[in-house]
Amino acid sequence: MSENKTRPLRDEFGYLCPVDSRWADNDVYGHINNVVYYSYFDSTINRYLIEQGGLDIHDGDVIAYVVSSGCDYFEAAAYPDALAVGMRVDKLGNSSVRYGLALFGAEGAAKALGFVVHVFVDRASGRPVPIPERLREALAALGRESSD
């Protein structure tokens with residue numbers, strides 16, 4: 001478990017998404033396996049992009065690729081914990097965004113702090129494109145800073 005980083009609080013994140021832990025999320029050590037945290041983060045990001053930014057995951061011309069991610073773990077979570085993922089935008093570029101994400105239990109500071117970097121690309125070519133305006137506005141609403 002990471003001890004060198006500050007554990008953020010819920011109010012540091014503009015979007016909170018409830019997450020249901022599942023029995024299958026636990027590993028043989030009795031806690032939620034570390035790779036499952038990434039699944040929680042990915043689901044939270046995409047829910048926000050679809051609901052708030054209008055991302056059309058099935059037929060849209062623009063999609064997002066994960067190009068980088070990481071996570072620091074502070075405290076174990078285990079089924080049947082009631083969890084929530086906090087999301088913010090740490091950096092908003094022309095075609096990319098860096099999300100800050102944290103996994104919270106029912107109370108207290110974050111159990112984990114992670115990041116994901118998305119690059120928005122043209123679905124057909126796979127080449128980077130500027131973030132569409134509606135998505136950009138939704139992302140900017142969660143932003144801490146913006147830059148190209």
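Residues numbered from 1 in each chain as written. Predicted model: local features only at pLDDT ≥ 70, side-chain atom pairs only at ≥ 80, totals over all residues. Heavy atoms only, no water.

Draft legend 1. Representation of the sheet that holds strand E3 (residues 82-92) within the structure. Read across the sheet, five strands follow the order E1-E3-E4-E5-E2 without closing on themselves; strand pairing throughout is antiparallel. The open sheet has two edge strands with one neighbour each: strand E1 (15-20) and strand E2 (62-73). Strand-to-strand, the axes of this sheet are offset by a mean angle of 25°, without reference to chain direction. Summarising the sheet, E2 and strand E5 (residues 112-122) pair through 11 bridges and their orientation is antiparallel. Along E5, the bridge assignment pairs Val66 with His118. Seen against the sheet, helix H1 (residues 34-53) touches E1, E2, E3, strand E4 (96-104) and E5 and runs at an angle of roughly 130° to E1. Together, E3, E4 and E5 form the strand contacts of helix H2 (residues 133-140), whose direction differs from that of E3 by roughly 110°. (Pairing = 2+ DSSP bridges. Helix = DSSP H or I, 4+ residues; strand = E, 2+ residues; numbered from the N terminus. Axes fitted to C-alpha atoms, helices over the stretch in contact; angles between N-to-C directions. Contact = heavy atoms within 4.5 Å.)

Draft legend 2. Layout of unusual backbone geometry. For the peptide bond that leads from Tyr79 to Pro80, omega is 10°, which places it in the cis range. Residue placement: Pro80 occurs in the loop between E2 and E3.

Draft legend 3. Region of interest: H1. The end-to-end C-alpha distance of H1 is 28 Å, a good match for the 28 Å that 20 residues give at a rise of 1.5 Å each. Three or more residues of H1 are buried, namely Val36, Tyr37, Tyr40, Phe41, Thr44, Ile45, Tyr48, Leu49 and Gly53. Packing partners of the buried residues in H1 comprise E1, E2, E3, E4, E5 and H2. The residue sitting at the N-terminus of H1 and contributing the capping side-chain oxygen is Asn33; that oxygen lies 3.1 Å from the backbone nitrogen of Val35. (Expected span 1.5 Å × (residues − 1). Buried < 20%, exposed > 50% of the residue type's maximum accessible area, 1.4 Å probe, protein only. Polar contact = N/O pair within 3.5 Å; in protein donor to acceptor, adjacent residues only side chain to side chain.)

Draft legend 4. Geometry of the side chain of Thr44. Relative to the elements of secondary structure, Thr44 occurs in helix H1. A distance of 2.9 Å separates the side chain of Thr44 from the backbone oxygen of Tyr40, its partner in a polar contact. With residues near it in sequence (within four places) discarded, Thr44 still touches Tyr15, Cys17, Val19, Val85 and Met87.

Draft legend 5. Structural detail: the environment of Val117. Relative to the elements of secondary structure, Val117 occurs in strand E5. Beyond its immediate stretch of four places on either side in the chain, Val117 contacts Tyr65, Val66, Val67, Ser68, Val97 and Arg98.

Draft legend 6. Structural view of the pattern of salt bridges. Throughout the structure, instances matching the rule amount to six salt bridges. Of the charged contacts, one joins Arg7 and Glu75 as a salt bridge, the two residues approaching to 2.7 Å between their closest N and O atoms. In this pair, Arg7 sits in the segment before E1 while Glu75 sits in the loop between E2 and E3, placing the two residues 68 residues apart along the sequence. Residue classification places Arg7 among the partly exposed residues on the basis of a relative accessible area of 31%. Close ionic contact of Asp90 with Arg88 constitutes a salt bridge, the shortest N to O distance being 2.8 Å. Residues Asp90 and Arg88 agree in their burial class; the two are buried. Members of the salt-bridge network, linked through shared partners, are Arg7, Glu75 and Lys111. (Salt bridge = Lys/Arg side-chain N within 4 Å of Asp/Glu carboxyl O.)

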